[in-house]
Every structure is written in C-alpha cells, then in structure tokens.
Amino acid sequence: MTRLDVSQITIVTVAYHSLVVLPTMLASLPRGMPVVIVDNAPEPDPRLEALADAKGARLIRNEANLGFGAGCNRGAAAATTPYVMFLNPDAAAQDGCFEALLEAAERYPEAAAFNPRTLNGKGDVSFKRRSNLLPKAARMHGPAPATDTRVPVLSGAAFFLARDTFDLVGGFDENIFLYYEDDDLSLRLAQLGSLWHIPSAVVCHNDGHSTERTPSTARFKAYHLARSRVYAQIKHGVPRPRMSVILRCILQLASPLMLNRRKRAKYLGYLAGAFSTIGDDGKSRARSDL
C-alpha cells in the first residue's frame, strides 16, 4: 500500500430511494475503494441490493428512516480504513479527487476535516461560506477560494476526515434528523483542528436530486429543516432560535411567489416544523415516511 492508496478511504453514502443517482456516484469511484451504502428506506429494494453486489459495496439496511446523520454514523462504524468520506448519492468524484484529499491530510496534519471543491449541476462552484450557528464575523465573503483555504464550516455533501477524529467527536449528532448535521459536526471538529477547502479535489454535486421533487417531498424536507435549525441553534447558543425561524417563514409566505404549489408546501412545512419544536426543541425522531 502506498501512502496515497485510495483504499485507505471508505466512502459512506446514505440512500433513500436514490437509485436514479447512486449508480453515477458509484461509477465515479476508483476501483478497490471500500464503499458502505446505508439504506434509510423502510422497505428493502432488490435493485439496490443488486447494485451494491455489482459494485462490491457493503449494504446496511435501517428498518426506519433514522435520518442522514444517524445513517452516516452506522456507515462509519462499519469502516476499517484510516479515513472516511461521507459522499451524497447525488454526487460524483472527478479523477484525482481522493489522492488530492490524502495529500492534503499529509500537508495539514493539524487539520480536523476537509471539503473538496464542489461543482453544482451547472458546473458552477458551490461553496459553503457561512452557518447560522456562527456569528456574522465568522462568515466568509467573496468567490470560492482557488487555493487551499481554512474555512469556518464544511458541507456534508462531500466530507473527508480521519476515522479516529470522527470517532473522537462522537460522530454526527443523531438528535438532528436532516440538515444542519454538517454545521454542527464542523463546529465540534473545529475545536480539535482546522477545517480546510481543497480546490484540487473536485466533486460534482447535483444537489437536491437524490429524491423526487414534489410538493410532499418539499414539505417533508422543510419541516425537518426548521426542526433541525431550531435544535442546532439552541445547542450552539444562538439567541431566539425558534422565533427567528418562525418570523423568516411568515415573511416568505407573504411573498407572491407562494402561488407556486411546491414553494407554498415548502414554507408551510417549514412553519409546521418550527412550531413542532415547542414540545421537544427539535430533537430527532426516526421516520419511515417521506
């Protein structure tokens, strides 16, 4: 094994009815790279089992939709390599991505975690500059950096780190069902070391296409986005966590754009999610429906 052997990295991906995009992601991975697919769909799918077998991936099935972070934790627990990379099923790695990340890990031994440069479906750079969990002074501005750069927060679409570091911070917070789990993990990792954006490693992410785009899906996602935002803001001491979410939603619902059925479903779900946190502060509950 050479120092830059990609078999040192286990790819962990969480699927939920993701067969439209998952084959492309798997095809982008180098031969010999360990892969763990965690299926959060409540019913087994023989097509997913066949795909995992064909690609030599390990398939872990959850009997309920436990959420993204919990799925990632189960996948990481099955990894035996020094590094893990959490990669969305609607993402695809470009040639040399993993070697560049391994080189970065050697170059920055004090670092806690890394993001590759991420391109959206149009080929534009998608760069995470800020988080609602951080003060405004910590936010980045301007274009995505063209060189290796320390950043305040990382995106969960393609999240690379040492498995020991992941274990040291306790993995993803399973109280978060969907959204903000990467922000929360980033802030906890930043207490151990720096976070880096590595533009020489490239991933294409067709964001939002791992599940179908319908009003019911939009409502479901928005509901959990609001719950996760309230929970994470409470956890990280953001003032008025629930009220800020509710007020933002009310302003959006007053917009003429809410004539769009899908957008209206999205913001009604967001509002319902915010109010639902009054009893439990947004802590996750496993779901089997979408």
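Read on for a plain summary of the structure. (Residues numbered from 1 in each chain as written. Predicted model: local features only at pLDDT ≥ 70, side-chain atom pairs only at ≥ 80, totals over all residues. Heavy atoms only, no water.)

## Some remarks on the overall build of the protein
- What the protein contains, in helices and strands, is nine helices and nine strands.
- Over its C-alpha trace the protein gives a radius of gyration of 19 Å, about what one expects of a compact globule, namely 19 Å for 290 residues.
- For the protein, buried positions account for 53% of its 290 residues.
- Once local pairs closer than 6 in sequence are excluded, the contacts in the protein between residues at least 24 apart make up 74%.
- Of the roughly 13,500 Å² that the protein leaves accessible, carbon and sulfur atoms contribute 52%.
- Charge centroids of the protein, computed over 35 positive and 28 negative side chains, lie 10 Å from each other. (Helix = DSSP H or I, 4+ residues; strand = E, 2+ residues; numbered from the N terminus. Rg over C-alpha atoms; globule rule 2.2 N^0.38 Å. Buried < 20%, exposed > 50% of the residue type's maximum accessible area, 1.4 Å probe, protein only. Contact = heavy atoms within 4.5 Å. Areas by Shrake-Rupley, 256 points an atom, 1.4 Å probe, with all protein chains shown as cover. Lys, Arg positive; Asp, Glu negative; His and termini not counted. Charge placed at Lys NZ, Arg CZ, Asp CG, Glu CD.)

## Things to note about the packing of helix H7 (residues 215-235) against helix H8 (residues 241-253)
- Following both chains from N to C, one finds H7 and H8 inclined at 150 degrees, their axes separated by 8 Å at the closest point. Classed by the angle they form, the pair H7 and H8 counts as roughly antiparallel. The handedness of the crossing between H7 and H8 comes out as right-handed. On H8, the residues that touch Ala 226, Arg 229, Val 230, Gln 233 and Ile 234 of H7 are Pro 241, Arg 242, Ser 244, Val 245 and Arg 248.
- Among the residues forming the contact of H7 with H8, the class breakdown is five nonpolar, two polar and three charged. (Axes fitted to C-alpha atoms, helices over the stretch in contact; angles between N-to-C directions. Parallel < 35°, antiparallel > 145°, perpendicular 65-115°, else oblique. Left-handed = near helix turned anticlockwise from the far one by under 90°. Nonpolar A, V, L, I, M, F, W, Y, C, P; charged D, E, K, R; others polar.)

## Comments concerning the pairing of strand E4 (residues 83-87)
- Along E4, five of the five residues are buried, which leaves the element largely enclosed by surrounding structure.
- Neither face of E4 is exposed, since Tyr 83, Met 85 and Leu 87 on one face and Val 84 and Phe 86 on the opposite face are all buried.
- Bridge analysis of strand E1 (residues 9-15) against E4 gives four bridges, and the strand direction is parallel. Across the sheet, Thr 10 pairs through a bridge with Val 84, a residue of E4.
- Here E4 runs beside strand E8 (residues 158-162); their pairing, made up of five bridges, is antiparallel. Within E8, the residue paired with Met 85 across the bridge is Phe 160. (Pairing = 2+ DSSP bridges.)

## Things to note about helix H2 (residues 46-55)
- Within H2, the full set of buried residues consists of Leu 48, Leu 51 and Ala 52. Buried residues of H2, seen end-on, are gathered within an arc of 100 degrees and therefore sit on one face of the element. Turned more than 90 degrees off the buried face of H2, the exposed positions are Pro 46, Arg 47, Asp 53 and Ala 54.
- Residues of H2 that are buried sit in contact with helix H1 (22-27), strand E2 (35-39) and strand E3 (58-61).
- Its side-chain oxygen at 2.9 Å from the backbone nitrogen of Arg 47, Asp 45 defines the N-terminal cap of H2.
- Residue Gly 56 follows H2 closely and has a positive phi angle near 70 degrees. (Arc of directions from axis to C-beta. Polar contact = N/O pair within 3.5 Å; in protein donor to acceptor, adjacent residues only side chain to side chain.)

## Remarks on the pairing of E1
- Among the seven residues in E1, seven count as buried, and that is most of the element.
- Judged by which residues are buried, E1 turns out to be covered on both faces: Ile 9, Ile 11, Thr 13 and Ala 15 on one side and Thr 10, Val 12 and Val 14 on the other are all buried.
- The pairing of E1 with E2 spans five bridges and is classified as parallel. Among the inter-strand pairings, Thr 13 is bridged to a residue of E2, identified as Ile 37.
- Following the chain from E1 across H1 to the adjacent parallel E2, one finds a crossover that is right-handed. (Right-handed = clockwise from strand over helix to strand, strands pointing away.)

## What to know about the packing of aromatic side chains
- Inspection of the entire model under this criterion finds 10 aromatic pairs.
- On the numbers, 5.3 Å between centres and 80 degrees between planes, the contact of Phe 86 with Phe 172 is edge-to-face. One end of the pair, Phe 86, is in strand E4; the other, Phe 172, is in the loop between helix H5 (163-168) and helix H6 (181-189), with 86 residues separating them in the sequence.
- Between the aromatic rings of Phe 177 and Phe 220, the centroid separation amounts to 6.0 Å while the plane-to-plane angle is 75 degrees, which identifies the pairing as edge-to-face. (Phe/Tyr/Trp six-rings, centres within 6.5 Å; stacked < 30°, edge-to-face > 60°.)

## Concerning the packing of H7 against helix H9 (residues 261-276)
- Relative orientation of the contacting elements H7 and H9 amounts to 30 degrees, with a least axis distance of 7 Å. As H7 runs across H9, the sense of the crossing is right-handed. Across the interface between the two elements, Pro 215, Ala 218, Arg 219, Ala 222, Tyr 223, Leu 225, Ala 226, Arg 227 and Arg 229 of H7 pack against Arg 261, Arg 262, Ala 265, Lys 266, Gly 269, Tyr 270, Ala 272, Gly 273, Ala 274 and Ser 276 of H9.
- When the residues that make up the contact of H7 with H9 are grouped by side-chain class, the tally is 10 nonpolar, three polar and six charged.

## Notes on the environment of Thr 13
- As for its position among the elements, Thr 13 is in strand E1.
- Expressed as a C-alpha distance, the spacing of Thr 13 and Ile 250, which sit 237 residues apart in the sequence, is 35 Å.
- Look past the residues within four positions of Thr 13 in its chain and what remains in contact with it is Leu 22, Met 25, Val 36, Ile 37, Val 38, Leu 87, Asn 88 and Pro 89.
- At 2.7 Å, the side chain of Thr 13 and the backbone oxygen of Leu 87 are in polar contact.

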